[in-house]
Amino acid sequence: MAKFEARLSGNFDDMLRIINDAVMDGSSTASLEDSSDFCVGGSRCAVRIYERFSYTGSNRVSLSVTLFQADGFLFVSAIASGGSQAVLFKINTFGEEAFLNTLSAELKRYII
């Protein structure tokens, strides 16, 4: 499993678009599997689940992205999983890390 978390600057809707574009443009096999949005008071939360084929591991990996806004700040948590072919322990996490890097490379420009 690979994880990236950061506090970001920017507009919630713009950041959600940046996230989606980075993931979808980063791989020809990427797909948005499902999404969920929630608002209460001045807080917003968006969850996106992406999936793509990992050529390195010859399997599929998923990327769960949560974008949260409250009190004037944004926080993102992105976690990649899957891709391992082992039964008892996890090996071959290259696909997870590569999938996560398509997003984290773009989001590092917005870290505060």
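Please refer to the structure higher up on the page.
For the structure given in this document, a descriptive report is provided here. Small disclaimer: the values here were computed from a predicted structure and weren't measured. (Residues numbered from 1 in each chain as written. Predicted model: local features only at pLDDT ≥ 70, side-chain atom pairs only at ≥ 80, totals over all residues. Heavy atoms only, no water.)

## Side note on helix α1 (residues 12–25)
Every α-helix winds through 3.6 residues per turn, so residues three or four apart in the chain are directed the same way. Put simply, the rule reads: Think of it this way: any DSSP run of H or I at least four residues long counts as a helix, any run of E at least two long counts as a strand, and we number them from the N terminus. One less than the residue count of a helix, multiplied by 1.5 Å, gives the span that helix is expected to have. Here, residues are in contact when the closest pair of their heavy atoms is within 4.5 Å. Polar contacts, as used here, are pairs of N or O atoms within 3.5 Å; protein pairs need one atom able to donate a hydrogen and one able to accept it. Residues neighboring in sequence count only if both atoms are side-chain atoms.
Taking 1.5 Å of rise per residue, 14 residues should cover 20 Å, and α1 covers 20 Å from first to last C-alpha, within 8% of that figure. Its buried side turned inward, α1 meets β1 (2–8), β2 (31–40), β3 (43–54), β4 (59–70), β5 (73–82) and α2 (94–107). Between the side-chain oxygen of the N-cap and the backbone nitrogen of Asp13 there are 2.9 Å, and the N-cap of α1 in question is Asn11.

## Some remarks on the environment of Ser36
If you trace the backbone, Ser36 turns up in strand β2. Excluding residues within four positions of it along the chain, Ser36 makes contact with Cys45, Ala46, Val47 and Arg48.

## Describing unusual backbone geometry
Definition in use: Exposure categories follow from relative accessible area, calculated using a 1.4 Å probe and restricted to protein chains: below 20% of the type maximum is buried, above 50% is exposed, and the middle band is partly exposed.
Of note, Asp71 is a non-glycine position whose phi angle comes to about 50°, a positive value. Inspection of the secondary structure puts Asp71 in the loop between β4 and β5. In this structure Asp71 comes out as exposed when scored by relative accessible area, which is 78%.

## Describing the pattern of salt bridges
Note the cut-off: Between Lys or Arg on one side and Asp or Glu on the other, a salt bridge is scored when a side-chain nitrogen of the former is within 4 Å of a carboxyl oxygen of the latter.
Applying the stated rule across the entire model yields five salt bridges. Across the salt bridge formed by Asp13 and Arg44, the nearest N and O atoms sit 2.8 Å from each other. Pair noted here: Asp13 is in helix α1 and Arg44 is in strand β3, with a separation of 31 residues, a long-range link. A salt bridge links Arg109 to Glu106, with the nearest nitrogen and oxygen atoms 2.9 Å apart. On the basis of relative accessible area, Arg109 is assigned to the exposed category, the value being 57%. By relative accessible area, Glu106 is classed as partly exposed at 25%.

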